[in-house]
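Okay, here's what each chain looks like letter by letter:
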Amino acid sequence: MEEEIVLTMRGICKSFPGVKALNNVDFTLRKGEIHALMGENGAGKSTLIKVLTGVYEKDAGSIRVDGAEGEAHIHSPQQAQQIGISTVYQEISLCPNLTVAENMFIGRTSGSRVNWKEYEKRATEILGSLGIPAQAKQELSRCSLAVQQMVAIARAVDMNCKVLILDEPTSSLDEKEVAMLFKLMRDLKSRGVGIIFVTHFLEQVYEVSDRITVLRNGELVGEFTVQDLPQVQLVASMMGKSLNDLAELEQIGQKSRGDEDIVYEAQDLSSAECRPFDFSIRRGEVNGFTGLLGSGRSESVRAIFGADPVTGGKVRVKGKNVRITSPRDAMKNGIGYLPEDRKRDGIIADLSVRENINLALQVMRGFFHPMSKAQMRKFADEYIEALQIKTASQDTPIKSLSGGNQQKVILARWLLTHPDYLILDEPTRGIDVGTKLEIQRLVLKLAEENMSVTFISSEIEEMLRTCSRLIVMRDRKIVGELTGDELTQAHVMKTIAGGEA
């Protein structure tokens, strides 16, 4: 039996000044299919979705949606919704101070008098039919992130959604929440909804998807069934490498254990967000904090950097007692910090790539001693080349860059200050495989050059490849420290759980 096609995109082209974002790209989605859209940062995934949802006007090509006569001309997200295309983004665009029912129906009511009791009843029916663990009258902010995403999906489904786009829906979820979301996706698939699934988690692609379309440098590499594309070949096709090249890339190198000189040492350090803890790092060492979401790993490094108000403890930097109560104190003592939330705490979205790169150095110098434009351009050119940052120019607003390239800009910002100790909290979250490997290799190169690095990642395998010492956290306190032969996934999970592996 021939499969029913719900969406066809043919020959899609889109250019921006100096960049051809999409070049003759085809994409096909079938009814009741979960279709993964894969590619490195800058491959064209986001642009293709924005063309499909009317955020961008395509330069060439055609779009056809099942049930709509002729070619679809989509000029806005509202128009996309009207013909059955809905998107749920990683950053949920609902109103946390409203109830679940109000979020599901806001903007869809008519007339001056709204019967909210009727809408709450209808919301309860929809939530129940989709198995979403939320109450219609419950304030959305009281729901977990996973449930908030499910409410956004429920809203889309109730609007007669034929094509559901899920853009990085699992990046901030734990394993149980991912399982809940996948159950809902499979339920929608059984109802005939076509789902476009954008993610950087390869294991999740193979767990839930039926087909995979791969883009690279704005062009179509191919469409494959999951069974016909082994994971290693998927990575190779995303990166444009042969399998031999890939094997070489995965040999990251020897993890640096550092020398005997202690660069940073804390005793009973505590903040408003974390319990007292002891910590030290040697010159040229790569270590890491690991644990489940909420374990206290990010709160601990924020205390080290003075990003949260410090409430107690003693700190020594290179053997000298110091007070670090603010990020500026930390920077003056040779400490840099790439934060977990790139968009909230990292990039200044409307500033250029050049301005973002030079920001930390300018703060250290003080704004009464501004750098010259020539200096700023020189530094920006140096690090754009060194980190291979893909940008049309150093004047490009950083918000126009892909997530991986934004991350490289923040890295460049801290490397320009030449820190002795660099803290990287989730530096590879939401970025592609190739950029992940580049950042891991850069971390080990920095350690070889005697920089000390604390590396935090939700992916334990990544930390095992990169760190020579892992500090394990649970319930906001340190419950173990692993080195040498103990650095295995089984030992990490056993220590986190506090029981048998």
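The rules behind each value
Residues numbered from 1 in each chain as written. Predicted model: local features only at pLDDT ≥ 70, side-chain atom pairs only at ≥ 80, totals over all residues. Heavy atoms only, no water. Salt bridge = Lys/Arg side-chain N within 4 Å of Asp/Glu carboxyl O. Helix = DSSP H or I, 4+ residues; strand = E, 2+ residues; numbered from the N terminus. Buried < 20%, exposed > 50% of the residue type's maximum accessible area, 1.4 Å probe, protein only. Pairing = 2+ DSSP bridges. Axes fitted to C-alpha atoms, helices over the stretch in contact; angles between N-to-C directions. Contact = heavy atoms within 4.5 Å. Core = buried A, V, L, I, M, F, W, Y, C linked by side-chain atoms within 4.5 Å.

> Got a sec to walk through the pattern of salt bridges? Specific residues and values, please.
Summed over all chains, the structure comprises 22 salt bridges. Residue lysine 58 pairs with glutamate 71 through a salt bridge whose shortest N-O separation is 3.7 Å. Residue lysine 58 is located in the loop between helix 1 (45-52) and strand 4 (60-65), and its partner glutamate 71 is located in the loop between strand 4 and helix 2 (77-82); the two are separated by 13 residues in the primary sequence. On the basis of relative accessible area, lysine 58 is assigned to the partly exposed category, the value being 22%. Judged by its relative accessible area of 29%, glutamate 71 falls in the partly exposed class. Across the salt bridge formed by lysine 399 and aspartate 350, the nearest N and O atoms sit 2.7 Å from each other. You can see lysine 399 sitting in the loop between helix 14 (373-386) and helix 15 (403-415) and its partner aspartate 350 sitting in the loop between helix 12 (342-346) and helix 13 (353-365), a full 49 residues away along the chain. Beyond isolated ion pairs, a larger network of salt bridges with shared partners links Arg30, Glu33, Arg211 and Glu223.

> For the pairing of strand 18 (residues 469-474), give the residues involved together with the corresponding values.
Most of strand 18 sits out of view: five of its six residues are buried. As paired strands, strand 12 (residues 286-290) and strand 18 are joined by four bridges and run parallel to one another. Of the residues in strand 18, the one forming a bridge with asparagine 287 is arginine 469. Summarising the sheet, strand 18 and strand 19 (residues 477-483) pair through six bridges and their orientation is antiparallel.

> Tell me about the sheet that holds strand 8 (residues 211-216), residues and numbers included.
Hydrogen bonds between backbone groups are what pair the strands of a sheet, and the pairing can be parallel or antiparallel. In spatial order, the strands read 5-6-7-3-8-9; together these six strands make up an open sheet with mixed pairing. Only two strands of the sheet have a single partner each, and these edge strands are strand 5 (85-88) and strand 9 (219-225). This sheet shows a mean twist of 20 degrees between the axes of neighbouring strands, independent of strand direction. In this sheet, strand 8 lies alongside strand 3 (residues 34-38) in parallel orientation, the contact comprising four bridges. By the bridge assignment, methionine 38 is partnered in strand 8 with valine 214. Its contacts with the sheet put helix 5 (residues 145-158) on strand 5 and strand 6 (163-167), and the angle it makes with strand 5 is roughly 170 degrees. Helix-sheet contacts for helix 6 (residues 175-190) involve strand 3, strand 6 and strand 7 (194-198), and the interaxial angle to strand 7 is about 150 degrees.

> Describe in detail the sheet that holds strand 16 (residues 421-425), supporting the description with residues and values.
If you walk across this open sheet you meet the six strands as 15-16-17-12-18-19, and the pairing is mixed. Bordering the open sheet on either side are strand 15 (335-338) and strand 19, each of which pairs with just one other strand. Shown here is a sheet whose adjacent strand axes are inclined to one another by a mean of 20 degrees, direction ignored. Examined bridge by bridge, strand 15 and strand 16 share four bridges and lie parallel to one another. Bridge pairing in strand 16 links isoleucine 335 to tyrosine 421. Helix 15 contacts strand 15 and strand 16 of the sheet and is inclined by roughly 170 degrees relative to strand 15. Contacts from helix 18 (residues 489-497) reach strand 12, strand 18 and strand 19 within the one sheet, and its direction differs from that of strand 18 by about 30 degrees.

> So what about helix 1? Which residues, and what values?
The buried count for helix 1 comes to six of eight residues, which makes it a mostly enclosed element. Of all the residues in helix 1, the buried ones are Lys45, Thr47, Leu48, Ile49, Val51 and Leu52. A positive phi of about 80 degrees marks glycine 54, the residue just after helix 1.

> How would you explain the nonpolar core if you had to name every residue and give the values?
Counting 71 residues, the largest nonpolar core has Tyr264, Phe279, Phe289, Ile304 and Tyr421 as the members making the most contacts within it. In this structure, Ile126, Ile153, Cys161 and Val208 belong to the second largest nonpolar core, which totals 39 residues.

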